[in-house]
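Commentary on secondary and tertiary structure
Residues per chain are reported as follows:
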Amino acid sequence: MTASSPRFTESTQGRLRRLNLATSLPPVVFAAVVLVYTDTRTWWHLIILAPGAAAALVAFERWTANDLARVVLPCLVVAAAVWPLGVLVSGSPNAYWGFCAVGSLGMREVRRHRKLALAGLFGYVAAVGAARLLVQRDDIGHVLVTYVLIPTVLTILVTVFTIVGERFYDLIRELEQTREREAELAVVRERVRFASDLHDIQGHTLHVVKLKIALAQRLLLRDTARVEQELRETYALVSDTIAQTKELAYAQRRLNLTAEIENAKNLFEAAGIRVRVTREAEVDTRASELLGQVLRETTTNILRHAQARQVQITLSESGITIVNDGVSATAPPELRGLAALRQRVADDGGELTVHQQQGTFRTAATFPAARAETERGDGR
C-alpha cells in the first residue's frame, strides 16, 4: 500500500484479504499450473518456468495482505529473468506470465513516473519476445504473433484490469475511512454537547452560590433569619445541582422552562436587578427544553458580564427574548455558551441571535418552523 493510500481498519483489511483470496487466488493458481504445464516438454523446462509462476503467486498473496512493497522487487527480478530464458532456451511463449502478473501488481508501488514505468513494462515484454527471432528465423510472422503481440496485448489488458481493481479497493477504503470519521465526529459532538450541558449546570450554580454567599455576608450582623434562609437555599441549590449532574451523566436531564423562568427571576431579584416577565403565548412544547437552556445561559451571562439594573423576559409562541441593560462594552463579549447553543437551536430548526445596541443586550431564540406548523394545524 502506498503512503498516499487512505488508511482503513484491520477488520476491513481482513475482509478484503479474504475476499481476494477466495475469489482471485484459485483462478490465478489454476492459470499458473495450466501455463506451466502447457509449455513444459521436458523436466528442465519446469526448472525454468516454475520460478516465474512462484514469483507471481507470492506477489499476489502479499498484495492481498497489503505487504507487496516488501517482496515486489525480488519477485520482479525473478519473473523478469524467466521470460528471456523461456523465449531463448525453452521456447515457452507463456513464460512472460509471471513478469506480467508481478509487474501489473507492482504498478501500485510506483509513486512517480508511472507512465514511464508502464512503458518499460510493456516494452520489456515486447522486446524480449522479439528476441525469439535470434533462434527462430524461419517463421517471423508466427514469432511476432506468439512471442510479441499476444504477450504484450495480454500484459496491457492485465495491467489495465489490475489498475481498475485498485480503484475499486481504494473506493472501499475511502468509504471505510468516511464511516470511521463520521463515527469519530458523532463522539466529538456528543462530548461537546455533554460539556455544554455540564457548563450550564455547574457555571450557573457557582454564580448563584457566589451571589447568595455575598448576600449572606452582608446580612450576617443585621438579619440572621434572612442569612439562614439564604444558606438553606444555597444548600438546596447545590443538592439540586448534584442531582442534575447525575441525570446528565445518565442522559435523563430535562429542563422545565417555567421553573427556569422562576429561577432566573429569583436570581435577578437577589442580585438587586428588576425583572419583568411577559407571557404573550405558550411556547411550543418541543422547543421548551432548548429555550430553558438559552434562558439559563443568558441569566449566567447577565450576572457575570453586565451591570444590569433591569431585565425583560418575553415569551411568545415561537420563542423567548431576553433584554437587559447595563452593557458598558462597545463590542459584544465572547459568549461561548450561547455560541454552542446557537448550533443546537439551528439543528432543531430555530435561530438564536444576539444584538447589542445603546447599552442594552438582546438575546432571542425563535422557532418559526414550529409556529408555522401550528398555524397550518389551526387552518385545518
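Here goes a summary of the coordinates provided. Small disclaimer: the values here were computed from a predicted structure and weren't measured.

Calculation notes
- Every chain begins its residue count from 1, and numbering advances along the sequence as written.
- Only residues with pLDDT of at least 70 get local features here, since the model is predicted, and only at 80 or more are side-chain atom pairs given and counted; chain-wide, interface and lining totals rely on the full set of residues.
- Where side-chain values are given, they derive from all heavy atoms of the structure, hydrogens and water being excluded.
- Numbered from the N terminus, helices here are DSSP runs of H or I no shorter than four residues, and strands are runs of E no shorter than two.
- Stacked, edge-to-face and tilted are the three classes for Phe, Tyr and Trp ring pairs, Trp counted by its six-membered ring, which pair at centre distances within 6.5 Å; planes under 30 degrees apart are stacked, over 60 edge-to-face, the rest tilted.
- The buried label applies to any residue whose accessible area, calculated with a 1.4 Å probe on protein chains only, is under 20% of its type's maximum; exposed applies above 50%, and partly exposed to all values in between.
- For our purposes a nonpolar core is just a set of buried Ala, Val, Leu, Ile, Met, Phe, Trp, Tyr and Cys residues, chained together by side-chain atoms within 4.5 Å.
- Working rule for contacts: check all heavy atoms of both residues, and any pair within 4.5 Å makes them a contact.
- A residue counts toward a patch only above 30% relative accessible area and without a salt bridge, and it is joined to like-charged neighbours within 9 Å or, for Val, Leu, Ile, Met, Phe, Trp and Tyr, to nonpolar neighbours within 5 Å.
- Only the protein chains shown count as cover for residues, with accessible areas throughout obtained via the Shrake-Rupley method and a probe of 1.4 Å.
- Each reported salt bridge corresponds to a side-chain nitrogen of Lys or Arg within 4 Å of a carboxyl oxygen of Asp or Glu.
- By definition, two strands form a pair when at least two bridges between them are found by DSSP.

Here the focus is unusual backbone geometry. One non-glycine residue, His 113, adopts positive backbone phi at about 55°. Tracing the sequence through the fold places His 113 in the loop between α5 (97-106) and α6 (114-130).

What follows covers the packing of aromatic side chains. By the definition in use, this model includes three aromatic pairs. Measuring from centroid to centroid gives 5.7 Å for Trp 83 and Tyr 96, while their planes differ by 70°, and the two rings are edge-to-face. Highlighted residues: Trp 83 in helix α4 (residues 72-90) and Tyr 96 in the loop between α4 and α5, separated in sequence by 13 residues. Side by side, Trp 83 and Tyr 96 carry an identical accessibility label, which is buried.

Turning next to the nonpolar core. Counting 37 residues, the largest nonpolar core has Leu 68, Trp 83 and Val 102 as its most contacted members. Mapped onto this core, the elements with two or more residues apiece are α2 (25-39), α3 (43-64), α4, α5, α6 and α7 (140-219). Ranked by residue count, the leading element in this core is α3, at eight residues. Beyond its immediate sequence surroundings of up to four residues, Leu 68 is in contact with Ala 59, Arg 62, Trp 63, Leu 105, Gly 106, Arg 108 and Glu 109. Residues Ile 261, Phe 268, Ile 322 and Ala 365 belong to the second largest nonpolar core, which totals 26 residues.

The grouping of Trp 43, Trp 44, Ile 47, Leu 85, Leu 88, Val 89, Leu 134 and Val 135 at the surface amounts to a nonpolar patch, some 820 Å² of accessible area in total. Listed by contribution, the elements that provide at least two residues to the nonpolar patch are α3 and α4. Locating Val 89 in the fold gives a position in helix α4. Judged by relative accessible area, Val 89 falls into the partly exposed class, the value being 45%.

Take the pairing of strand β5 (residues 360-366) next. In this structure, strand β3 (residues 319-324) lies alongside β5, joined through six bridges in antiparallel fashion. Within β5, the residue paired with Ile 320 across the bridge is Ala 365.

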